[in-house]
Amino acid sequence: MSDFIDTITWRGMLHDMTPGLTEHLKSGMRTAYLGFDPTADSLHIGHLVGVMTLVHFQRAGHKPLALVGGATGMIGDPSFKSAERNLLDMDTLSYNVAGIKKQLSEFLDFSDTLSNRAEIVNNYDWMAGFTFLDFIRDVGKHITVNYMMAKDSVRKRIEDGSGMSFTEFSYQLIQGYDFYHLWKHKGVTIQLGGSDQWGNIVTGTELIRRMEGGTAYALTVPLITKADGTKFGKTESGSVWLDPVKTSPYAFYQFWLNVSDEDAEKYIKIFTTLPKEEIESLVDEHRNAAHLRILQKVLAREVTTLVHGSSEFTSALKASEILFGKSSADDLRSLDERTFLQVFEGVPGSEVSRLSIDQPVDPAVFLADIAKAYPSRGEARRMLQQGAVMINKEKWPLERFITKDQILNGKFMLIQKGKKNYFLVKFV
RNA sequence: GGGGAGAUUCCAGAGUGGCCAAAUGGGGCAGACUGUAAAUCUGUUGCGAAAGCUUCGGAGGUUCGAAUCCUUCUCUCCCCA
């Protein structure tokens, strides 16, 4: 049994914890849980820190529980949110819960033979039948309003005058009760969470202490940041999702590959399970030859494989090589249709009638009006003028007309908008 | 309920009758450089090939001419009760 606290400390994943936790973990197999809010039907990489915390916890020989908030999701965690949250309806919620459950099951080991096998629980199961009267009698009685109001997350909202509904105010108590319930029935003694969850988690340990005199622990992981101060896990096109339909494995791979040097050192510790020695030697190697981007490559490989599997990783890698390598128009032509489609899966594109370029057509008109790669002809023309457009890997001048010869494999045309943005036209 | 300020292009914010498709900054996009980076420098950033067209909260009006003046509506903010 390796030391969980040492591991996550070294990995930079420890933000705060309640006293005594180190000893508590050393004395035997423990059970911890971490909650996920079902606000969408897929997790995104912001959730991955939490997932990895559970993974490391299990690898250290302890038992991880993932809680999907079917009940708490109905309320919405107000912690550090500036405004009242919108409520989700039941259908959306149960759909989201199912999606998240499925994803979580990819990361943890659920084998029956394991004594520390992972489990997934849904707080709807025990909250749904709990009546309001029972709740305020049996749970609410133990925690004072003063205590709840003192939480940073609540106080901020009151101080800045935006206020908070009773519904959201109750959230911490419900999350606290989850902890109590799992402590009582599942032997859970630790709750893990993001640093914004500290207040909610501590309400739980407090509740356990007051209701039964029990001891429970809290451990939080830091908010993942980026060296340049922008928000982690977002690209121009929005969140980076774990669901391959929402974010293609190719885009996912690219996200990690494009991480800055500074962040790569941090992320490889957090998002991979590679051992310390290996990571340290990679970091050394990277520092000696930063331009090779060894860390980014390993990081992208590891995370993509973990989330999407090795065959998806291989296609993403291959796609990247074709898109960014020194490949030429001839390389593109040599691809058969299946590989071509695989490489460009997830790349935005449009469908266009073959007839539209029966006659040679002005490239700006084609790019804007026909292929819809640009919103207006003016913009397309500007880009062409600036030399920002490549068609089938060839830099395209403003004066050169598009003809049927530009169709690859009788079906496709690859447009590059600048260096990094690809656009695939399918001819039908 | 009373009084005041305001609503401008992606954002912030200038413009207070023609020189305004609208300063400046940010952001975005692109080029050079590079490591598919960072930093930097350069270009570009309503539509249109152009003539021109549509934009300054909505509607109406004054004027040869309005983002700018008038009327009215909607919304936002501040102060007093």
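What you are looking at is a predicted structure, and each value in this text was computed from that prediction instead of being measured.

This part is about the side chain of Asp263. You can see Asp263 is positioned in helix H13 (residues 261-271). The class for Asp263 is buried, based on a relative accessible area of 5%. Separated by 3.1 Å, the side chains of Asp263 and Ser260 make a polar contact.

With five of six residues buried, strand S2 (residues 31-36) is to be regarded as a mostly interior element. Looking at chain direction, S2 and strand S3 (residues 63-68) are connected through six bridges and run parallel. Its bridge partner being in S3, Tyr33 is matched across the sheet by Leu65. This β-α-β element, S2 to helix H3 (residues 45-59) to S3, shows right-handed connectivity. Two strands pair when backbone bridges link them, and S2 and strand S5 (residues 188-194) are joined in this way by four bridges, in the parallel orientation. Bridge assignment links Tyr33 to a residue of S5, and that residue is Gln191.

Let us now look at the packing of aromatic side chains. Applying the stated rule across the entire model yields 13 aromatic pairs. With centroids separated by 5.8 Å and ring planes inclined at 75°, the aromatic side chains of Tyr267 and Phe271 adopt a geometry described as edge-to-face. In this pair, Tyr267 and Phe271 are both assigned in helix H13, four residues apart and thus about one turn of the helix distant. Take Tyr267 and Phe271: they sit in the same class, and that class is buried. Site record: aromatic cluster; members linked through ring pairs are Phe130, Phe135, Tyr177, Tyr180 and Trp183. A cation over an aromatic ring shows up here: Lys246 above the ring of Trp241, its NZ or CZ 5.5 Å from the ring centre. A cation sits over an aromatic face here: Lys417 above Tyr374, 5.2 Å from the ring centre.

Counting residues in hydrophobic clusters, the biggest one holds 60 residues, and the most contacted among them are Phe36, Ile45, Leu48, Trp256 and Phe271. No other element matches the eight residues that H3 contributes to this core. Every residue in contact with Leu48, bar those within four places of it in the chain, is listed here: Phe107, Leu242, Trp256, Phe271 and Val303.

A few words now on the domain arrangement of chain A. Parsing chain A into structural domains produces domain 1 (4-221), domain 2 (234-322) and domain 3 (349-427). Between domain 1 and domain 2, the contact holds 18 residues from the first and 23 residues from the second. When the two sides are added together, the surface that domain 1 and domain 2 hide from each other amounts to roughly 1800 Å², 70% of it contributed by carbon and sulfur. Ranking the residues of domain 1 by area buried against domain 2 places Trp10, Arg11 and Ile45 at the top, with a combined share of 39%. Here domain 1 and domain 2 share one salt bridge between them. Here Asp41 makes a salt bridge to Lys246, at a shortest N to O gap of 2.4 Å. Along the contact surface separating domain 1 from domain 2 lie seven residue pairs in polar contact (both at pLDDT 80 or more). Counting residues per element, the side of domain 1 that touches domain 2 draws most heavily on H3, which supplies seven residues. Here the side of domain 1 that touches domain 2 is composed, by residue class, of 10 nonpolar, five polar and three charged.

Definitions and cut-offs
- Residues numbered from 1 in each chain as written.
- Chains lettered and ligands numbered in written order.
- Predicted model: local features only at pLDDT ≥ 70, side-chain atom pairs only at ≥ 80, totals over all residues.
- Heavy atoms only, no water.
- Helix = DSSP H or I, 4+ residues; strand = E, 2+ residues; numbered from the N terminus.
- Buried < 20%, exposed > 50% of the residue type's maximum accessible area, 1.4 Å probe, protein only.
- Polar contact = N/O pair within 3.5 Å; in protein donor to acceptor, adjacent residues only side chain to side chain.
- Pairing = 2+ DSSP bridges.
- Right-handed = clockwise from strand over helix to strand, strands pointing away.
- Phe/Tyr/Trp six-rings, centres within 6.5 Å; stacked < 30°, edge-to-face > 60°.
- Lys NZ or Arg CZ within 6 Å of the ring centre and 35° of its normal.
- Core = buried A, V, L, I, M, F, W, Y, C linked by side-chain atoms within 4.5 Å.
- Contact = heavy atoms within 4.5 Å.
- Domains from an automatic or database assignment.
- Buried area = accessible area lost by both parts, 1.4 Å probe.
- Salt bridge = Lys/Arg side-chain N within 4 Å of Asp/Glu carboxyl O.
- Nonpolar A, V, L, I, M, F, W, Y, C, P; charged D, E, K, R; others polar.

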